[in-house]
Amino acid sequence: MAETHVLFVEDDDVIREATTLALERDGFVVTAMPDGLSGLESFRADRPDIALLDVMVPGMDGVSLCRRIRDESTVPVIMLSARADSIDVVLGLEAGADDYVTKPFDGSVLVARIRAVLRRFGHAGGPRNGGSGDEDDSGERGVLAFGDLEVDTEGMEVRKAGAAVALTPTEMRLLLEFSSAPGTVLSRDRLLERVWDYDWGGDTRVVDVHVQRLRTKIGQDRIETVRGFGYKLKA
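Residues numbered from 1 in each chain as written. Predicted model: local features only at pLDDT ≥ 70, side-chain atom pairs only at ≥ 80, totals over all residues. Heavy atoms only, no water.

Asks: Can you walk me through the pattern of salt bridges in this structure?
Replies: Once the charged atoms of two side chains with opposite charge are near each other, the side chains can pair. This model, assessed by the stated rule, comprises 17 salt bridges. Lys103 is paired through a salt bridge with Asp54; the nearest N and O atoms lie 3.1 Å apart. Separated by 49 residues along the polypeptide, Lys103 in the loop between β5 (99–102) and α5 (107–122) and Asp54 in strand β3 (residues 50–54) bring together distant segments of the chain. As far as burial versus exposure is concerned, Lys103 and Asp54 are alike and both buried. Of the charged contacts in the structure, one is a salt bridge between Asp148 and Arg222, with a shortest N-O distance of 4.0 Å. One end of the pair, Asp148, is in the loop between β6 (143–146) and β7 (149–152); the other, Arg222, is in the loop between α8 (205–218) and β10 (223–226), and 74 residues separate them in sequence. A relative accessible area of 34% means that Asp148 is categorised as partly exposed. One network of salt bridges, in which partners are shared, links Glu10, Asp54 and Lys103. (Salt bridge = Lys/Arg side-chain N within 4 Å of Asp/Glu carboxyl O. Helix = DSSP H or I, 4+ residues; strand = E, 2+ residues; numbered from the N terminus. Buried < 20%, exposed > 50% of the residue type's maximum accessible area, 1.4 Å probe, protein only.)

Below is the structure:
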């Protein structure tokens, strides 16, 4: 099995060195950079499998670096933030990050979150309801149609009014979860478990920001908020 290459951008020397050693002990190959500009150069040169970005780094902050990476790639990104209640968490998610971890963190927790992200990126997966994927009116195998929105559950492609829609793997998994149960209200906790692979609960802001990002791409009215319960895809 190929080794997983991690780009780690952190300006604190102690945290950078300790985290690098912890990740290497778990079998990861780590490239550690002290600032955003060198992190971007390393990303472009090495094309890592995942990026860990501290929010507050010099040269180019982690949120800006995340945006630059997302402009060029769908590689998974985890943001590292010193405060769980910081607006930086939301800004990072809005910039395209797939998850975040609050500092200080336990090395085993960080490794578990990295592996969870990599698992869902490794296999976006089709609908989880066990259906055959032939439910659409067009009869095209694996394509689900919701108005002008078409979701190809086998080719992992989405089209709106015939035009291709570019989604990150996390956004695709979220849409597949909605598509597997159109018209059904899905709670934030269920989405965290099924899309983010959290079996212990988590911060529902991750869900809310990704739903909003998905709405901007497939249509603001396609996913409905059911206050107090969750979200549902309009059939």
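So that's the structure; there's more coming.
Asks: Any chance you could explain the sheet that holds strand β8 (residues 157–160) here in plain terms?
Replies: Sheet strands line up and pair through hydrogen bonds in the backbone, either parallel or antiparallel. One open sheet accounts for 4 strands, arranged β6-β7-β8-β9; its pairing is antiparallel. Pairing within the sheet leaves two strands with one partner each, and these edge strands are β6 and β9 (163–165). Taken over all neighbouring pairs, the strand axes of this sheet differ in orientation by 25 degrees on average, direction set aside. Two elements, β7 and β8, share 4 bridges in a ladder whose sense is antiparallel. Bridge pairing in β8 places Asp152 opposite Glu157. The strands touched by helix α6 (residues 169–179) are β6, β7 and β8; relative to β7, the strand with the most contacts, the crossing angle is about 105 degrees. (Pairing = 2+ DSSP bridges. Axes fitted to C-alpha atoms, helices over the stretch in contact; angles between N-to-C directions. Contact = heavy atoms within 4.5 Å.)

Asks: Before we go on, may I ask you to explain the pairing of strand β4 (residues 77–81) in this structure?
Replies: In summary, the side chains of a regular strand alternate between the two faces of the sheet. Most of β4 sits out of view: 5 of its 5 residues are buried. Neither face of β4 is open: one carries Val77, Met79 and Ser81, the other Ile78 and Leu80, and all of them are buried. Of the strand pairs in this sheet, β3 and β4 are connected by 4 bridges, and their pairing is parallel. By the bridge assignment, Leu53 is partnered in β4 with Met79. A crossover connection joins β3 to the parallel β4 through helix α3 (residues 62–72); in handedness this β-α-β unit is right-handed. Where β4 meets β5, 4 bridges bridge the pair, whose relative direction is parallel. What sits directly across from Leu80, in β5, is Val101. (Right-handed = clockwise from strand over helix to strand, strands pointing away.)

Asks: How do you make sense of the nonpolar core when you look at a structure like this?
Replies: A general feature of soluble globular proteins is that nonpolar side chains tend to end up buried together. With 49 residues, the main nonpolar core has Leu53, Met79 and Phe178 as its most contacted residues. By residue number, the principal contributor to this core is α8, which donates 6 residues. Core analysis: the next-biggest nonpolar cluster, separate from the first, contains 15 residues, Leu52, Leu80, Ile114 and Phe121 among them. (Core = buried A, V, L, I, M, F, W, Y, C linked by side-chain atoms within 4.5 Å.)

Asks: What exactly am I supposed to notice about helix α4 (residues 87–94) here?
Replies: Residues lying three or four places apart along an α-helix face the same way, a consequence of the helix completing one turn every 3.6 residues. Along α4, the residues classified as buried are Asp88, Val89, Gly92 and Leu93. Looking down the long axis of α4, one finds its buried residues gathered within 135 degrees of arc, a one-sided arrangement. Its buried side turned inward, α4 meets α3, β4, β5 and α8. Gly96 sits one or two residues past α4 and shows a positive phi near 120 degrees. (Arc of directions from axis to C-beta.)

Asks: How should I be thinking about unusual backbone geometry in this particular structure?
Replies: Omega for the bond connecting Lys103 with Pro104 falls within 30 degrees of zero, at 0 degrees, which places this linkage in the cis form. Mapped onto the elements of the fold, Pro104 is located in the loop between β5 and α5. In this structure, Met156 takes a positive phi of about 55 degrees despite not being glycine. The residue Met156 is located in the loop between β7 and β8 in this model. For Ala161, which is not a glycine, the phi torsion comes out positive at approximately 55 degrees. Summarising the element assignment, Ala161 is placed in the loop between β8 and β9.

Asks: Help me understand the side chain of Arg213 in this model?
Replies: By secondary structure assignment, the location of Arg213 is in helix α8. When residues no more than four places from it in sequence are discounted, the contact partners of Arg213 are Leu93, Glu94, Gly96, Ala97, Thr168 and Glu171.

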